[in-house]
Amino acid sequence: MSIVKRAVVLVAAVCMLVGSPAMKVSAECDHKDTGRDLQWTGQYRYSSYEHTVIVAYYADGTPITVKCHVNKTEKIYVTYCQACRAYTGVAYESYQEAHGVVHD
């Protein structure tokens, strides 16, 4: 599912849960030079990944590496344009990030 479809579904779900007024969409507003609000949905996005870290070098110059596992949590917001009174998209804010080294 594309990010636009996810944003529309997320905004609709938030409106149903919170009881917000119906969404309005306006093609006349470009949402760039107007005031925009971030409204937290009360939800989080979780992701994880691994990367290699060099911790030292052997005497012959070969690197000693370990894997670092990262768990990342972000808050999910919807953006609201004050000019056309419409939800315009989704934004994410970094909330927590935990690194754990895995020894080989």
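Conventions adopted
Residues numbered from 1 in each chain as written. Predicted model: local features only at pLDDT ≥ 70, side-chain atom pairs only at ≥ 80, totals over all residues. Heavy atoms only, no water. Helix = DSSP H or I, 4+ residues; strand = E, 2+ residues; numbered from the N terminus. Buried < 20%, exposed > 50% of the residue type's maximum accessible area, 1.4 Å probe, protein only. Contact = heavy atoms within 4.5 Å. Areas by Shrake-Rupley, 256 points an atom, 1.4 Å probe, with all protein chains shown as cover. Phe/Tyr/Trp six-rings, centres within 6.5 Å; stacked < 30°, edge-to-face > 60°. Lys NZ or Arg CZ within 6 Å of the ring centre and 35° of its normal. Pairing = 2+ DSSP bridges. Polar contact = N/O pair within 3.5 Å; in protein donor to acceptor, adjacent residues only side chain to side chain. pLDDT = per-residue confidence, 0-100.

Structural notes on the overall build of the protein chain
1) Next: A tally of regular secondary structure across the protein chain gives one helix and three strands.
2) Next: Buried residues in the protein chain amount to 23% of all 104 residues.
3) Next: A fraction of 58% describes how many contacts in the protein chain between residues 6 or more apart in sequence connect residues 24 or more apart.
4) Next: Split by element, the accessible area of the protein chain, about 7,600 Å² in all, is 54% carbon and sulfur.

A closer look at the packing of aromatic side chains
1) Next: Applying the stated rule across the entire model yields four aromatic pairs.
2) Next: Where Tyr-44 meets Tyr-46, the ring centres are 6.4 Å apart and the plane angle is 35 degrees; that geometry is what we call tilted.
3) Next: Judged by relative accessible area, Tyr-44 falls into the partly exposed class, the value being 29%.
4) Next: For the pair Tyr-80 and Tyr-87, a centre-to-centre distance of 5.1 Å together with 65 degrees between the ring planes defines the contact as edge-to-face.
5) Next: Taking the relative accessible area as the measure of exposure, Tyr-87 reaches 17% and is therefore buried.
6) Next: An aromatic cluster is present here, built from Trp-40, Tyr-44, Tyr-46 and Tyr-95 joined pairwise through their rings.
7) Next: Note that Arg-45 overlies the ring of Tyr-92, its terminal NZ or CZ placed 3.6 Å from the centroid.
8) Next: A cation over a ring is seen here: Lys-75 above Trp-40, with NZ or CZ 4.7 Å from the ring centre.

Structural notes on the pairing of strand S3 (residues 86–102)
1) Next: The pairing of strand S2 (residues 63–81) with S3 spans 15 bridges and is classified as antiparallel. Looking at the pairing, Lys-72 lines up with Glu-97 of S3.
2) Next: The antiparallel pairing of S2 with S3 creates a hairpin that spans four residues between the two strands, and Arg-85 there sits at a positive phi of about 55 degrees.

As for the environment of Val-101
1) Next: Relative to the elements of secondary structure, Val-101 occurs in strand S3.
2) Next: Not counting the four nearest positions on each side in its chain, Val-101 is found in contact with Val-66, Lys-67 and Cys-68.

Overview of the side chain of Thr-79
1) Next: The topology assignment puts Thr-79 in strand S2.
2) Next: You can call Thr-79 buried: its relative accessible area is 11%.
3) Next: Polar contacts involving the side chain of Thr-79 include one to the side chain of Thr-88, which spans 2.7 Å.

Focus: the confidence of the model for the protein chain
1) Next: Averaged over all residues, the pLDDT of the protein chain is 78; the fraction at 70 or higher stands at 64%.
2) Next: The lowest-confidence element of the protein chain is helix H1 (residues 3–18), averaging 56 in pLDDT; the highest-confidence one is S2, averaging 92.
3) Next: The low-confidence segment residues 19–26, where pLDDT is below 50, has 14 contacts with residues more than four positions distant or belonging to other chains.

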